[in-house]
Amino acid sequence: MIGPLDPRDASRSTIDAVADAFDRMTEVNAGPEGLNLILWTDRPRAAEAARICQRDVDAGREGGLLAGVPYVAKDNIVTTELRTTCGSRMLENYVSASEATVIARLRNAGAILIGKSNCDEFAMGSSTEYSAFGPARNPLDPTRVPGGSSGGSAGAVAAGIVSFALGSETGGSVRQPAAFCGVVGVKPTYGRVSRNGLVAFASSLDQVGVFGQTVHDAAMVMEVIAGHDPFDATSTDNPVPRYRDADERGVKGMVIGRPKEYFPPSLDPRIAALCDRALERLKAHGATIREISLPMTDLAIPVYYIIAPAEASSNLARFDGVRYGLRVRGNGLRDMYDRTRSAGFGPEVTRRILLGTYVLSAGYYDAYYKKAQAVRALIAGEFRRTFAAGVDLIFTPTTPSLAFKHGAKSDPYEMYLNDIFTVTANLAGIPGVSVPIGRLDGLPVGGQLLAAHFDEMGMFRGAYALERALGAEAHR
């Protein structure tokens, strides 16, 4: 059970829970040897929220589902009390006048925001090395990256600062760092969770996701934040089930597909072995394992890195130092523009803006962007046909490698390949979850479960069953 109101620990007050979270943050986050997971905090405000929550508990008033539970949110989800910088100097002192829908829903459920987590600048990266405020580090091995772009949130959960955190996904930025840090990471169906208040990177791909220490943590948080939002035209009015109930149903009778394209000869055989062990455990719990093929998988990375930069170049045009962003004095408009861009955007954001502008330019739109959208439709159709053919879940490795050393991926394309197993779900808009399935050389390995559109319930059935089947083996 999540949070300080766990009946198994009734002596722990909400005040203690928030104080402990800040103490743990202080212990691991700051200083030259710190993990640099959290960027912005307001301890007095969080302590006051905890005091009010505890007063209600003491008075016998029923709190929300997450009453008194501290959490952190990725620094690209807007809040009114704390800065929202997107890990960028362009927004270094920005405080939003409104808050994201997911933040409001968590507050209404009693959760207490204690900080904003480090991330790759404007969520563009796979390692949280591209933050303007310094790289985040992996709690299990500080010489390695925590993944990205939501590495700060994943690391905060893995380091024991909080039991859950919010991240965002455009191409795997929740599931990949969850795998690298050994925690649970959930990406919902596109439209299941409101994007209102999530700073846009690539609007047709972006989503808010959840990290949890356990599947139950993530399921409870997803219950709270999911559902229709009139402020987001892309959110749907599909009913939100009690995802916690998935724990009782198991996987007996479910068909789980093992796609051969996600187990190429180049995959580390030790990762493949842990994945096959996980599948065997699910089989022992009543699931049927079926070999399947998703031949469009190899096209996912080039398609993603055309569509996402194209949308980013449009979305980030607003950060011009006039309407939003860092203001820099210059001699004339062109000089001001050049100096603002160089002072505000880092190299990865600049690279993607240039790439996106190129593929949208006259003479190249049809050759690149239009063709990429056509292939995206084929990828989505491939998933639809697979699920329609009787496959309930698809199981894959979350990442092709373990968490890598800081600075090890100097080639941008080599960095992009870290998302090879995750971008397909974003392109298709389907839900996915990464669950720890073991360790190699002391580093976590994640297994990914993908489900059909709006079948988060089935996805959680698989995740609960996998977590239970592996037990302590998932973390050793």
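Preceding block: the structure.
Fair warning: this is a prediction, and the values are worked out from it, not measured in the lab.

Asker: Looking at this model, I keep getting lost on the overall build of the protein. Mind explaining?
Answerer: Of the regular secondary structure elements, the protein holds 14 helices and 11 strands. Here the protein has a C-alpha radius of gyration of 21 Å; the compact-globule value for 476 residues is 23 Å, and the two agree. For the C-alpha atoms alone, the extent of the protein along its principal axes is close to 70 × 60 × 45 Å. Split into buried and exposed, the 476 residues of the protein put 59% on the buried side. Look at the contacts in the protein between residues 6 or more apart in sequence, and 77% of them connect residues 24 or more apart.

Asker: So what exactly am I meant to see when it comes to the sheet that holds strand E2 (residues 70-74) here?
Answerer: An order of E1-E3-E2-E4-E6-E5-E10-E11-E9-E7-E8 is seen for the 11 strands of this open sheet, with the pairing classed as mixed. In this open sheet, the two edge strands, each paired with only one partner strand, are strand E1 (38-40) and strand E8 (288-292). Across the sheet, the mean angle from the axis of one strand to that of its neighbour is 35°, orientation sign disregarded. Sheet strands in contact with helix H7 (residues 269-284) are strand E7 (255-259), E8, strand E9 (393-397), strand E10 (432-440) and strand E11 (443-451), and its direction is about 115° off that of E10.

Asker: Any chance you could explain the layout of surface pockets here in plain terms?
Answerer: One simple way to see leftover space: roll a probe sized like a water molecule over the atoms. Put simply, the largest pocket is a space of about 390 Å³. Around the largest pocket, the lining is made up of 20 residues, and of these Val 78, Gly 197, Leu 198, Val 199 and Arg 318 lie nearest the centre. For the lining of the largest pocket, the residue count by class is 10 nonpolar, five polar and five charged.

Asker: Explanation requested: the pairing of E8 in the structure shown.
Answerer: It is a general feature of regular strands that their side chains alternate between the two faces of the sheet. Sheet topology places E7 next to E8; five bridges connect them, and they run parallel. By the bridge assignment, Ile 256 is partnered in E8 with Ile 289. Crossover handedness for the path E7 to H7 to E8: right-handed.

Asker: Looking at this model, I keep getting lost on helix H14 (residues 456-470). Mind explaining?
Answerer: Taking 1.5 Å of rise per residue, the 15 residues of H14 would be expected to cover 21 Å, and the 21 Å separating its terminal C-alpha atoms lies within 8% of that figure. Across the 15 residues of H14, 13 count as buried, placing the element largely inside the fold. Within two residues after H14, Gly 471 carries a phi angle of roughly 55°, on the positive side.

Asker: Teacher, can you tell me more about unusual backbone geometry here?
Answerer: Outside of glycine, negative phi angles account for most residues, and trans bonds account for most peptide bonds. With an omega dihedral of 5°, the bond running from Gly 148 to Ser 149 counts as a cis peptide bond. Look at Phe 454: it is not a glycine, yet its phi comes out positive at around 65°. Within the element layout of this structure, Phe 454 appears in the loop between E11 and H14.

Asker: Help me understand a nonpolar patch on the surface, please; the structure alone is not making it clear to me.
Answerer: Nonpolar side chains collect at one region of the surface, where Leu 355, Tyr 358, Tyr 364 and Tyr 368 lie side by side and expose about 340 Å² of accessible area between them. Along the chain, Tyr 358 turns up in helix H10 (residues 347-360). Given a relative accessible area of 37%, Tyr 358 falls into the partly exposed group.

Asker: What's the story with the packing of helix H3 (residues 101-108) against helix H6 (residues 215-225) in this structure? I'm lost.
Answerer: Any two packed helices are characterised by the angle at which their axes cross and by the distance between the axes. Between H3 and H6, the least distance of the axes is 8 Å, while the angle of their chain directions is 110°. Relative to H6, the element H3 is oriented roughly perpendicular. Contact residues: Val 102, Arg 105 and Leu 106 in H3; Val 221, Val 224 and Ile 225 in H6. In the contact of H3 with H6, the residues fall into five nonpolar, no polar and one charged.

Reading the values: rules and limits
Residues numbered from 1 in each chain as written. Predicted model: local features only at pLDDT ≥ 70, side-chain atom pairs only at ≥ 80, totals over all residues. Heavy atoms only, no water. Helix = DSSP H or I, 4+ residues; strand = E, 2+ residues; numbered from the N terminus. Rg over C-alpha atoms; globule rule 2.2 N^0.38 Å. Buried < 20%, exposed > 50% of the residue type's maximum accessible area, 1.4 Å probe, protein only. Contact = heavy atoms within 4.5 Å. Pairing = 2+ DSSP bridges. Axes fitted to C-alpha atoms, helices over the stretch in contact; angles between N-to-C directions. 1 Å grid on protein atoms, 1.4 Å probe; cavity = no way out; pocket = protein on both sides within 12 Å on 5 of 7 lines; lining within 4 Å. Points joined across faces, edges and corners; volume = space filled by probe spheres on them. Nonpolar A, V, L, I, M, F, W, Y, C, P; charged D, E, K, R; others polar. Right-handed = clockwise from strand over helix to strand, strands pointing away. Expected span 1.5 Å × (residues − 1). Patch = residues over 30% accessible without salt bridge, like charges linked within 9 Å, V, L, I, M, F, W, Y side chains within 5 Å. Areas by Shrake-Rupley, 256 points an atom, 1.4 Å probe, with all protein chains shown as cover. Salt bridge = Lys/Arg side-chain N within 4 Å of Asp/Glu carboxyl O. Parallel < 35°, antiparallel > 145°, perpendicular 65-115°, else oblique.

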